[in-house]
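Each chain is listed here by its residues.
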Amino acid sequence: MDLVTPGIGLVFWTTITFLLVVFLLIKFAWKPVLGMINERNKSIEDALKLAETTKAEMKALQADNEKIVAEARKERDTLLKEARELREQMIAQAKVDASEEANKIMAAAKQAIENEKNQAMQELKTQVAALSFEIAEKVIGKELENKAASDTIISESINNLKLN
Amino acid sequence: MFFKPTKRKLLAFCAALLFSCISFAQESDSAKAESGFDINSTIFGHIGDNHDWHMFDITNEDGTEHAVGFPLPVILVNTNPFSIDCFMSSEFEHGHKTVTKGDHTYKMVAKAMGGQDIVYVDENGNATENGPLDFSITKNVFTLFLVAIIMLVLFISLARAYKRRPGQAPKGLQAWLEPVILFIKEDVVEPNLGKHTDKYLPYLLTVFFFIWITNMMGLIPFFPGSANVSGNIAFTFVLAVFTLIITNVSGNKEYWKDIFAMPGLPWPLLPIMAVVEVIGIFTKPFALMIRLFANITAGHIIVLSLTSLIFIFGTLAIAPVSVFFVMFMDVLELFVAALQAYIFTMLSALFIGLAMPEGHEQH
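Definitions and cut-offs
Residues numbered from 1 in each chain as written. Chains lettered and ligands numbered in written order. Predicted model: local features only at pLDDT ≥ 70, side-chain atom pairs only at ≥ 80, totals over all residues. Heavy atoms only, no water. Patch = residues over 30% accessible without salt bridge, like charges linked within 9 Å, V, L, I, M, F, W, Y side chains within 5 Å. Areas by Shrake-Rupley, 256 points an atom, 1.4 Å probe, with all protein chains shown as cover. Salt bridge = Lys/Arg side-chain N within 4 Å of Asp/Glu carboxyl O. Helix = DSSP H or I, 4+ residues; strand = E, 2+ residues; numbered from the N terminus. Buried < 20%, exposed > 50% of the residue type's maximum accessible area, 1.4 Å probe, protein only. Contact = heavy atoms within 4.5 Å. Polar contact = N/O pair within 3.5 Å; in protein donor to acceptor, adjacent residues only side chain to side chain. 1 Å grid on protein atoms, 1.4 Å probe; cavity = no way out; pocket = protein on both sides within 12 Å on 5 of 7 lines; lining within 4 Å. Points joined across faces, edges and corners; volume = space filled by probe spheres on them. Nonpolar A, V, L, I, M, F, W, Y, C, P; charged D, E, K, R; others polar. Pairing = 2+ DSSP bridges. Core = buried A, V, L, I, M, F, W, Y, C linked by side-chain atoms within 4.5 Å. Expected span 1.5 Å × (residues − 1). Arc of directions from axis to C-beta. Axes fitted to C-alpha atoms, helices over the stretch in contact; angles between N-to-C directions.

Focus: a nonpolar patch on the surface
Residue and element names in this part refer to chain B.
Here is step 1 of the chain: Where nonpolar side chains cluster on the molecular surface, the patch consists of Val 321, Phe 324, Phe 325, Met 327, Phe 328 and Val 331 and spans about 600 Å² of accessible area.
Here is step 2 of the chain: On the secondary structure map, Val 331 appears in helix α9 (residues 319-354).
Here is step 3 of the chain: Its relative accessible area of 55% is what places Val 331 among the exposed residues.

So this is what it looks like as structure tokens:
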């Protein structure tokens, strides 16, 4: 029966000791420890949440980036295409312009040549006429009396003269 | 629950060993005469409380035995008239001498089931049946103080570690204790108390570590340990009373209604059920008290019995067997030390939780 009869001494000291331990530990141990654990758990939770949102944001950002890149690529392609077209157009235009210019120059040159030729021909005619007149004068040996009539004959003969 | 089969087996084992121990004790009267070894008083001397801390005996050259240990303070309270006497237990010289302080003469007499009583001595020099109230710092009280100091040092340095490294991963002492604290919080207290967890967690954590450390101190076979504190009914009684008080103080309207006016019960049954429920208030902590006491005491008795085998057989040849079985039991007791602390904490949380039912649908 001794074994199962609580002794008053141990009951008293256990009560005192246990109460003291409970109150001291609540004040100096459990409050800071549990507070810190809770705080840390909260910060970990917050960090995880932040990581999750950041991940989502990154994903959105990546999608945006891809879109932007695709758009840029498209734009580049159109730009290139346009440039190519422009180049071709420019080349074609240049070709057309060049041939036109060439034709113009050719025409002008032809014209000039023609003019020169005509002029030369005219001069030649005059020279030839004068020469032939001189020769004829020499040949005949006498100067025509009627200067006016002879001039008329000369000009008529020049006009009737067709080289070629 | 997982511990039930193990516990039942353990209890059966304890019971078997207790019976064999008792039969040993009966035989020991004859054994005592032959070998001079009284197993009954040895075991119960270790199980019970002591007024001094006996460590070991040395045999002097002249063949007399001499005990080595240290005395503990004796604090005696006389009720009529009120007075307090304090002196060291060494003054009793292990019960051989009486001590006279003021009007009273005290004598320390050995109890049948271990430990000692301090009684008055009458004018004729004979020990009486009556004694003063004994508030001595006994071996158990001394161990209790040691446990309190260990706990304060351990957990206040733990708190300091948390303050030193706020918001960082646990390290060192924290890494050892935090999983245990979180286990108690998340797996023991929260399932039973829910939103009330924070209010009762400090008490339950203290109970858990107090019982656990005390249990383990009891397993150390030499100086700072060896006292059977958590196997003492006074210790378990106090803890059970705390749980009883907390349970009933935090009991809400529903709890008291369920006790005195169980809803849905035909009225002629109400008085009977009220009596049963009121008894139930006390049986729950009573079970807590007996469970812890019986488990720890049984463990100590088994270990002591196994060690005593060497002296009963009187041969060293049995020592390897004893050592092997004691080692096995010590490992088991190490588990039981944590298990019983866990059960006490869990059931305390459960009882407190049951005192705060929310709504009728919980029944």
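Some points on the interface of chain B and chain A
Here is step 1 of the chain: The interface is formed by 49 residues belonging to chain B together with 32 residues belonging to chain A.
Here is step 2 of the chain: Put simply, chain B and chain A have 1 salt bridge between them.
Here is step 3 of the chain: Here chain B is connected to chain A by 4 residue pairs in polar contact (both at pLDDT 80 or more).
Here is step 4 of the chain: Looking at which element gives the most residues to the side of chain B that touches chain A, the answer is helix α3 (residues 139-164) of chain B, with 13 residues.

Looking at the layout of surface pockets
Here is step 1 of the chain: In this structure, the largest pocket spans a volume of roughly 1800 Å³.
Here is step 2 of the chain: What lines the largest pocket is a set of 45 residues, and nearest its centre among them are Thr42(B), Gly45(B), His46(B), His54(B) and Asp57(B).
Here is step 3 of the chain: Elements with a minimum of two residues in the lining of the largest pocket: α2 (39-47), β1 (52-59), β2 (65-71), β6 (104-110), α5 (197-219), α8 (270-313) and α9 of chain B.
Here is step 4 of the chain: Its residues assigned to classes, the lining of the largest pocket comprises 17 nonpolar, 20 polar and 8 charged.
Here is step 5 of the chain: A volume near 690 Å³ is recorded for the second largest pocket.
Here is step 6 of the chain: The wall of the second largest pocket is formed by 37 residues, among which Gly7(A), Ile8(A), Lys111(B), Gln116(B) and Asp117(B) lie closest to the centre.
Here is step 7 of the chain: When contributions to the lining of the second largest pocket are tallied by element, the ones reaching two or more residues are α1 (8-140) of chain A together with β7 (116-120), β8 (133-134) and α6 (233-249) of chain B.
Here is step 8 of the chain: Ranked by the residues each element gives to the lining of the second largest pocket, the list is headed by β7(B), at 4 residues.
Here is step 9 of the chain: Its residues assigned to classes, the lining of the second largest pocket shows 16 nonpolar, 15 polar and 6 charged.

Regarding the pattern of salt bridges
Here is step 1 of the chain: Counted by the stated rule, this structure contains 4 salt bridges over all chains.
Here is step 2 of the chain: Taking the shortest distance from any N to any O, the salt bridge between Arg40(A) and Glu178(B) comes out at 2.4 Å. Of this pair, Arg40(A) sits in helix α1 while Glu178(B) sits in helix α4 (residues 173-193), which puts the two residues in different chains.
Here is step 3 of the chain: Judged by its relative accessible area of 8%, Arg40(A) is buried.
Here is step 4 of the chain: Looking at Glu178(B), the relative accessible area reads 5%, which means it is buried.
Here is step 5 of the chain: Arg76(A) serves as the salt-bridge partner of Asp77(A), at 3.5 Å between the closest nitrogen and oxygen.

As for the pairing of strand β3 (residues 73-79) of chain B
Working note: regular strand, side chains alternate between the two faces of the sheet.
Residues and elements named next belong to chain B.
Here is step 1 of the chain: Among the 7 residues that make up β3, 5 are buried, leaving the element largely enclosed by the rest of the structure.
Here is step 2 of the chain: The pairing of β3 with strand β4 (residues 82-88) spans 7 bridges and is classified as antiparallel. For Val 77, the partnering residue across the bridge sits in β4 and is Ile 84.
Here is step 3 of the chain: In this structure, the hairpin formed by β3 and β4 is closed by a connection of 2 residues.
Here is step 4 of the chain: Bridge count for β3 against β8 is 2 bridges, and the pairing is antiparallel. Its bridge partner being in β8, Leu 76 is matched across the sheet by Asp 134.

Some details on the sheet that holds β3(B)
Here is step 1 of the chain: Reading across from one edge, β4-β3-β8 (chain B) is the order of the 3 strands in this open sheet, with antiparallel pairing throughout. The sheet is open, and its two edges are formed by β4 and β8 of chain B, each paired on a single side.

Overview of the nonpolar core
Here is step 1 of the chain: In this structure, Met151(B), Phe155(B), Ile181(B), Phe209(B) and Phe210(B) are the most contacted members of the largest nonpolar core, which totals 76 residues.
Here is step 2 of the chain: Elements supplying a minimum of two residues to this core: α1 of chain A together with β3, α3, α4, α5, α6, α8 and α9 of chain B.
Here is step 3 of the chain: Ranked by the residues each element gives to this core, the list is headed by α5(B), at 14 residues.
Here is step 4 of the chain: When sequence neighbours within four positions are dropped, the list of residues in contact with Phe210(B) reads Phe18(A), Val21(A), Leu144(B), Val147(B), Met151(B), Phe235(B) and Leu239(B).
Here is step 5 of the chain: Counting residues in each nonpolar core, the second largest holds 9 residues, with Val74(B), Phe87(B), Met108(B) and Tyr120(B) among its members.

Quick look at empty space enclosed by the protein
Residues and elements named next belong to chain B.
Here is step 1 of the chain: Counted by the stated rule, this structure contains 1 cavity of 30 Å³ or more.
Here is step 2 of the chain: Its boundaries defined by the atoms lining it, the largest cavity holds a volume of some 60 Å³.
Here is step 3 of the chain: Lining the largest cavity are Thr 243, Leu 244, Thr 247, Asn 248, Tyr 255, Ile 281, Lys 284, Pro 285 and Phe 351.
Here is step 4 of the chain: For the lining of the largest cavity, the secondary structure elements donating two or more residues are α6 and α8.
Here is step 5 of the chain: When residues in the lining of the largest cavity are grouped by element, the largest group, 4 residues, is from α6.
Here is step 6 of the chain: A per-class count over the lining of the largest cavity returns 5 nonpolar, 3 polar and 1 charged.

Focus on helix α2 (residues 147-160) of chain A
Residues and elements named next belong to chain A.
Here is step 1 of the chain: Taking 1.5 Å per residue as the helical rise, α2 with its 14 residues ought to reach 20 Å, and the 20 Å between its terminal C-alpha atoms agrees with that figure.
Here is step 2 of the chain: Among the residues making up α2, those that are buried are Ser 150, Ile 154 and Ile 158. Each buried residue of α2 sits inside an arc of 75° when the element is viewed along its axis, so together they form one side. Every exposed residue of α2 that faces more than 90 degrees away from the buried side is listed here: Ala 148, Ile 153, Asn 159 and Asn 160.

Some thoughts on the side chain of Glu333(B)
All names here are of chain B.
Here is step 1 of the chain: The residue Glu 333 is located in helix α9 in this model.
Here is step 2 of the chain: Classification of Glu 333 by relative accessible area gives buried; the value is 3%.
Here is step 3 of the chain: Every residue in contact with Glu 333, bar those within four places of it in the chain, is listed here: Leu 219, Asn 295 and Gly 299.

Regarding the sheet that holds β7(B)
All names here are of chain B.
Here is step 1 of the chain: In spatial order, the strands read β5-β6-β7; together these 3 strands make up an open sheet with antiparallel pairing. For this open sheet the edge positions go to β5 (99-101) and β7, each flanked by a neighbour on one side alone. Each neighbouring strand pair of the sheet contributes to a mean axis angle of 30°, computed without reference to strand direction.
Here is step 2 of the chain: Bridge count for β6 against β7 is 5 bridges, and the pairing is antiparallel.

Shape is all these values report; function is a separate question.
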